[in-house]
Structure formats: C-alpha cells, structure tokens
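So the chains spell out like this:
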Amino acid sequence: MEKASATNDLDERNSSGSVNEDKAKGVTDLVSDMLLEMENDFKKSGNSIRDRMREMGSKLDGLEQSINGLMHDAGLIDGEEESPSDSNPSPRRPPTNSSPPRTTMATSDSV
C-alpha cells in the first residue's frame, strides 16, 4: 500500500507542477499582451503629440509672418521680413513711453 501512496503523491506533484506552469505561462502571456498594447498606445500618443507640434509650429510661423507684415505696414520695421537669425541689428522699436500725457479736467469744485 505504501507503494501506491507514494505513486499518488508523485502524480499529484506532477499535476500540481503542470498546473503551476500553465498559470505561469498564462500570466506571462497576459503581461506580454499588456506590454504590447501599452507600446502601441505609447506610439500612437507620441505620433499624436508630434503631429500637434508640427501643426502648432506652422501656426506660429504664420503668426510671425502676420506680425512682421503688420509691423512693416505700421513702419516699425523697414524692408523685407528679417529672420531672427540675421546678424543685423534688431528693428526699430516703438518708444517705451507711448501713452498720451494725462490731462486734468476742471470740475465745478475747482472753479
């Protein structure tokens, strides 16, 4: 009877080991799938951010051209549009104190 008992114990260990291996493989597959999904999501997010940055750069370039055109029309800069990397001195700037002088109005109390 001891021999049969030992054989049953051995069979239980083998089947238990097989179950543990199956669980480990299942967890490994699950983690692998999750990592692949995260990698794909990360790539999509990166591409989306990159596209938004390109779009924003184009909008900023257009805004810069518009501002330079307005400054040229207002006489604040001369000639063609200058790029910021030019070694020429910066364009003329408007005076810093451009607000009109304050005037006081006479009131009936001061007469």
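This write-up is about the structure you can find in this document. Just so it is clear, the structure is predicted and the values come from calculations on it, not from any experiment.

**A closer look at the overall build of the protein**
Here comes step 1: Broken down by element type, the protein carries one helix and zero strands.
Here comes step 2: Here the protein, with 111 residues, has 2% of them falling under the buried criterion.

**A look at a nonpolar patch on the surface**
Here comes step 1: A surface patch of nonpolar side chains, amounting to about 380 Å² of accessible area, comprises Val 27, Val 31, Leu 35 and Met 38.
Here comes step 2: Position of Val 31 relative to the elements: it lies in helix α1 (residues 2-73).
Here comes step 3: Taking the relative accessible area as the measure of exposure, Val 31 reaches 41% and is therefore partly exposed.

**Observations regarding the pattern of salt bridges**
Here comes step 1: For the structure shown, the criterion picks out four salt bridges.
Here comes step 2: Measuring nitrogen to oxygen at the nearest pair gives 3.2 Å for the salt bridge that ties Asp 29 to Lys 25. Here Asp 29 pairs with Lys 25, and both are found in helix α1, just four residues apart, close to one helical turn.
Here comes step 3: With relative accessibility at 52%, the residue Lys 25 sits in the exposed group.
Here comes step 4: Put simply, Lys 59 and Glu 55 hold a salt bridge, and the shortest N to O gap is 3.4 Å. In this pair, Lys 59 and Glu 55 are both assigned in helix α1, four residues apart and thus about one turn of the helix distant.

What counts as what
- Residues numbered from 1 in each chain as written.
- Predicted model: local features only at pLDDT ≥ 70, side-chain atom pairs only at ≥ 80, totals over all residues.
- Heavy atoms only, no water.
- Helix = DSSP H or I, 4+ residues; strand = E, 2+ residues; numbered from the N terminus.
- Buried < 20%, exposed > 50% of the residue type's maximum accessible area, 1.4 Å probe, protein only.
- Patch = residues over 30% accessible without salt bridge, like charges linked within 9 Å, V, L, I, M, F, W, Y side chains within 5 Å.
- Areas by Shrake-Rupley, 256 points an atom, 1.4 Å probe, with all protein chains shown as cover.
- Salt bridge = Lys/Arg side-chain N within 4 Å of Asp/Glu carboxyl O.

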